[in-house]
Amino acid sequence: MERYARSSAVAVIRLRNPPVNALSVEVLQALEDGLKKAEADPSVKAIMICGENGKFSAGADIRGFSTPKRHRVALGPIVSLIESSEKPVVAAIEGIALGGGLEVALGCHYRLAHVKAQMGLPEVTIGLLPGAEGTQRLPRLIGVPAALDMITTGKHIPATEALKLGLVDEIVEENTIEAAIRLANKVIGQPLGPRRLSLKPVPKLPNTDAFLREALAKVKKQARGFLAPELCFQAVKAATERPFAEGVRRERELFQRLLSSEQARALQYAFFAERAVSRDHLSLAPSPLPGTLLSDVYIYTGLGTMGQGIATSLVKAKIPVVALEQDLEYLNKGRKAVMGLLEREAMKMEGGAQTLDFHNPARLQFTVDFDLLSDVDLVIEAVFEDMALKKEIFHKLSKICKPGALLCTNTSALNIDEIASATSRPQQVIGTHFFSPAHVMRLLEIIYGRHTSPTAIATAMQLAKALKKVGVVVGNCFGFVGNRMMFPYVEQAVFLLEEGSRPEAVDQALEDFGFKIGPFRMSDLAGLDVGWRSRKGQGLTGPSLPAGTAARQRHGQRYSPLPDLLCERGRFGQKTGKGWYQYEKAGGRTAVPDPWLHSFLSQYRDSHGIKTRYIDQEEILERCLFSLINEGFAILAEGIASAPEHLDVIYINGYGWPKHRGGPMFYASTVGLPHVLAKLQKYSEAHPDVPKLRPSAFLKKLVAAGNPPLKEWMSYLSRQSPKL
Ligand SMILES: CCCCCCCCCCCCC[C@H](O)CC(=O)SCCNC(=O)CCNC(=O)[C@H](O)C(C)(C)COP(=O)(O)OP(=O)(O)OC[C@H]1O[C@@H](n2cnc3c(N)ncnc32)[C@H](O)[C@@H]1OP(=O)(O)O
């Protein structure tokens, strides 16, 4: 506890635990001590709580949840202590007040926030619920619908919205601390009863039961097996049904249930994994850091779907863009699409189009003049996946661009070294694999080639950061990390159809597991023709396939021609209105099981002598997921990625893997590596012609070593890429 000024009647309690003033056991102890001291000091007439360094608090120290001494200090009783103080307590909210931080503020009698502050109860995002009485105080303050929305989604809200909701009493544009002191002085002596949220009733709704029924249905639909949102709902519901103290007891009960859940462990693992992975390599970036990025000019070529998203993403990050196309027709088409995307993005932002300023040619210009590239610092090429075309472009870029320019290629599978070989500066060539839609998806896979320099890698990571994306550095191999792990997963999905399953059964199993979208719905969305083109390029199908090749074998391994057969019939997915499903029209979005496909599958099985069998959900999950995980172990062993966390961050942010399961490698660690190995062995014996089901040597090694924890896996490998 300190005084704002000598002889001031306002005691100041400052939460201090850089970088985000997380509430560790030590901080909580100090907060409790400070409150008791201020309470006992007769010269103190009011108390102000604020955070050090312009941040109120990011809430409970998440690392504390997995340490053994976690039960020594509890936050709820401290929040009650604040509220029961006989002296007015004012929260001065700057920067962030999240989770337990906001719960501390809710215990205060007054809340004053800086206009740029953000508030929220994001516990749900780490598999928990607000466990310091927040689920009981917030509905009393802002009403059940708004509280439920904040608590079940975990969203952060800006101070301006908090003011409208009544979450804060006042917002200020100038010095928050001084304004809070003024407020504290002003309210000295005023009755505190009406300011104590625990004493307030929960505002009544016209039909609480109906509202809660609907809200629960919505929460369940969005949660897809994720427990925390539903328990958040239960805690808020308790506030509508029980007196405060009983509601708090219910909140504690639910909190404890979540705290000990595998899902909370998975989400907290994902939280730290994402941050650790994003920090990699940054220290090698050329200085000065981020600010410069924003003043540099970036250019990218190709204004197809990916290019449009990339350009939008750059403009959103306020990075000047010059967009290049091969001719005016494509340029105009691309320009229209990018402008449309930016209009929509601007509408979602405070300040709208003015904030993005994308009509300003200094921010975004369109051209067909390749020579404009001579002065740019970074190029992102985003033409379609054609090696010859990419090489031609990189040859040209190498001649035109200034010596230091970084040359990025947006590719999902092509060989970076081969592309770099077309230039005289392979050290500056790097892969940047954006995910569609590029202005929405958070993942950026960054692929270094044999000659890519550490500075180039660091600069690409810096770009990811500026774009607010999660950059993950990986090595160069076909499909890199994400798609390479996806191939066996999709392959198994198609084999399951051959053996007797249906697209809707496979999708359902994986969507019930928590994937946003199953493999067949995903394939229809992305377009079956994309894979078809790639398989033709690899000689797996199409005119270059040698006559007499067995229909279901390639290079001695099992192959399914099913996707090719669909493409040959013009079934490319949503775009043609038919694929693995049927749609209401070409471009339609609602997938409906297709009787034509079912009978096509039956005929296919008959013609190849395959006996249709019933395949249960367990087999669908095990074959799809364990083959993907098996590939992950191979990737780690080859040094294509530096740790299992990298694979998990890629899958959560780029492939719709359910975050509450922590990513594929974390999931493998939770089900146990011996279990994964045993299942792979079983399926591999049943399908000896499928190499991707053969357990990887690294997985076997880890099992033989006694199934060590994920953090230790990499220590069982001797070889690591020097660039990772
Ligand atoms: C109370 C002590 C523990 C004892 C347990 C006893 C159990 C019983 C008590 C129950 C009480 C429940 C109280 C409450 O309801 C529960 C909570 O409050 S849970 C926490 C809720 N808060 C959050 O989820 C916020 C998480 N953080 C963020 O969203 C972001 O970090 C940010 C705050 C918006 C900042 O974002 P950025 O500016 O982008 O920066 P970074 O994300 O890179 O973060 C910087 C740095 O800080 C670390 N960090 C951030 N938040 C926390 C945190 N809450 N605890 C610990 N560490 C945190 C982050 O990891 C970064 O560090 P790095 O990983 O890079 O080393």
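All values derive from a computational prediction rather than experimental measurement.

Looking at the overall build of the protein
Okay, so step 1: When its secondary structure is counted, the protein shows 29 helices and 19 strands.
Okay, so step 2: Radius of gyration (C-alpha) of the protein: 28 Å, near the 27 Å computed for a compact globule of 724 residues.
Okay, so step 3: If you line up the protein on its principal axes, its C-alpha atoms span 95 × 60 × 55 Å.
Okay, so step 4: Out of the 724 residues belonging to the protein, those deemed buried represent 55%.
Okay, so step 5: Taking the intrachain contacts of the protein between residues at least 6 apart in sequence as the baseline, contacts between residues at least 24 apart amount to 73%.
Okay, so step 6: Treating the 89 positive side-chain charges of the protein as one cloud and the 75 negative ones as another, the clouds have centres 2 Å apart.

Quick word on the packing of aromatic side chains
Okay, so step 1: One pass over the structure, following the stated rule, counts 17 aromatic pairs.
Okay, so step 2: With a centroid separation of 5.3 Å and an interplanar angle of 75 degrees, the aromatic rings of F515 and W657 are classed as edge-to-face. Linking F515 in the loop between α20 (503–513) and α21 (519–526) with W657 in the loop between α26 (644–654) and α27 (664–671), this pair joins segments that are 142 residues apart in sequence.
Okay, so step 3: Ring centres of F633 and W713 lie 5.1 Å apart, and the angle between their planes is 45 degrees; on these two criteria the pair is classed as tilted. Note that F633 is positioned in helix α25 (residues 617–638) and W713 in the segment after α29 (697–704), a separation of 80 residues in sequence.
Okay, so step 4: Classification of W713 by relative accessible area gives buried; the value is 0%.
Okay, so step 5: The residue whose ring lies beneath R558 is F495, and the NZ or CZ to ring-centre distance is 3.9 Å.

Observations concerning the site of the ligand
Okay, so step 1: Lining the immediate environment of the ligand, one finds 30 residues, of which G100, E103, E123, R275 and R279 sit closest.
Okay, so step 2: Within the backbone of G100, an N or O atom sits 2.7 Å from an oxygen atom of the ligand.
Okay, so step 3: Within the side chain of R275, one N or O atom sits 2.6 Å away from an oxygen atom of the ligand.
Okay, so step 4: Protein chains shield 80% of the accessible area of the ligand, which is 1,300 Å² for the free molecule.

Brief notes about the domain arrangement of the protein
Okay, so step 1: Domain annotation of the protein identifies domain 1 (2–259), domain 2 (282–477), domain 3 (501–607) and domain 4 (618–716).
Okay, so step 2: Here the C-alpha centroids of domain 3 and domain 4 sit 25 Å apart.
Okay, so step 3: Tallying the contact residues gives 11 residues for domain 3 and 16 residues for domain 4.
Okay, so step 4: For the pair domain 3 and domain 4, the two sides together bury roughly 1,200 Å², of which 71% comes from carbon and sulfur.
Okay, so step 5: Ranking the residues of domain 3 by area buried against domain 4 places F513, F515 and R558 at the top, with a combined share of 56%.
Okay, so step 6: Counting across the interface, domain 3 meets domain 4 through 0 salt bridges.
Okay, so step 7: Here domain 3 and domain 4 share 3 residue pairs in polar contact (both at pLDDT 80 or more) between them.
Okay, so step 8: Those elements that provide at least two residues to the side of domain 3 that touches domain 4 are α20 and β19 (557–558).
Okay, so step 9: Here the side of domain 3 that touches domain 4 gets 5 residues from one element, more than from any other, and that element is α20.
Okay, so step 10: Across the side of domain 3 that touches domain 4, the residue classes tally to 6 nonpolar, 3 polar and 2 charged.

Things to note about the sheet that holds strand β5 (residues 96–98)
Okay, so step 1: Here 3 strands make up an open sheet; going across it, the order is β5-β7-β8 and the pairing mixed. Of all the strands in the sheet, just β5 and β8 (157–158) have a single pairing partner and so form its edges.
Okay, so step 2: Helix-sheet contacts for helix α3 (residues 100–107) involve β5 and β7 (118–120), and the interaxial angle to β5 is about 90 degrees.

A word on the side chain of E499
Okay, so step 1: Here E499 is to be found in helix α19 (residues 482–499).
Okay, so step 2: According to the relative accessible area criterion, E499 is buried, its value standing at 7%.
Okay, so step 3: Within the structure, E499 has its side chain in polar contact with the side chain of R613 (distance 2.8 Å).
Okay, so step 4: If near-sequence neighbours (up to four positions away) are discounted, E499 is found in contact with R558, R605, I610, K611, T612, R613, I615, E619, R623 and H687.

Considering the pairing of strand β13 (residues 378–381)
Okay, so step 1: On β13, burial covers both faces: L378 and I380 on one face and V379 and E381 on the other are all buried.
Okay, so step 2: Bridging between strand β10 (residues 298–301) and β13 involves 4 bridges; their strand directions are parallel. The residue bridging Y300 from the neighbouring strand is I380, located in β13.
Okay, so step 3: Bridge count between β13 and strand β14 (residues 406–409): 4 bridges; the pairing is parallel. Its bridge partner being in β14, E381 is matched across the sheet by T409.

A word on the environment of G531
Okay, so step 1: Looking at where G531 falls in the secondary structure, it is placed in helix α22 (residues 528–537).
Okay, so step 2: Here G531 falls in the partly exposed class, since its relative accessible area comes to 25%.
Okay, so step 3: Residues G531 and C567, 36 residues apart in the sequence, show an inter-C-alpha distance of 9.7 Å.

Structural notes on the pattern of salt bridges
Okay, so step 1: Tallied over the entire structure, the rule returns 38 salt bridges.
Okay, so step 2: In this structure, the salt-bridge partner of D357 is R363, at a minimum N-O distance of 3.8 Å.
Okay, so step 3: The exposure class of D357 is partly exposed, given its relative accessible area of 28%.
Okay, so step 4: According to the relative accessible area criterion, R363 is partly exposed, its value standing at 23%.
Okay, so step 5: Put simply, K391 and E418 hold a salt bridge, and the shortest N to O gap is 3.2 Å.

Describing the pairing of β10
Okay, so step 1: Residues Y298 and Y300 point to one face of β10 and I299 and T301 to the other, with burial holding for every one of them.
Okay, so step 2: As paired strands, β10 and strand β11 (residues 321–324) are joined by 4 bridges and run parallel to one another. Each residue of the ladder has a partner; that of Y300, found in β11, is A323.

Conventions we followed
Residues numbered from 1 in each chain as written. Predicted model: local features only at pLDDT ≥ 70, side-chain atom pairs only at ≥ 80, totals over all residues. Heavy atoms only, no water. Helix = DSSP H or I, 4+ residues; strand = E, 2+ residues; numbered from the N terminus. Rg over C-alpha atoms; globule rule 2.2 N^0.38 Å. Buried < 20%, exposed > 50% of the residue type's maximum accessible area, 1.4 Å probe, protein only. Contact = heavy atoms within 4.5 Å. Lys, Arg positive; Asp, Glu negative; His and termini not counted. Charge placed at Lys NZ, Arg CZ, Asp CG, Glu CD. Phe/Tyr/Trp six-rings, centres within 6.5 Å; stacked < 30°, edge-to-face > 60°. Lys NZ or Arg CZ within 6 Å of the ring centre and 35° of its normal. Near = heavy atom within 4 Å. Polar contact = N/O pair within 3.5 Å; in protein donor to acceptor, adjacent residues only side chain to side chain. Areas by Shrake-Rupley, 256 points an atom, 1.4 Å probe, with all protein chains shown as cover. Domains from an automatic or database assignment. Buried area = accessible area lost by both parts, 1.4 Å probe. Salt bridge = Lys/Arg side-chain N within 4 Å of Asp/Glu carboxyl O. Nonpolar A, V, L, I, M, F, W, Y, C, P; charged D, E, K, R; others polar. Pairing = 2+ DSSP bridges. Axes fitted to C-alpha atoms, helices over the stretch in contact; angles between N-to-C directions.

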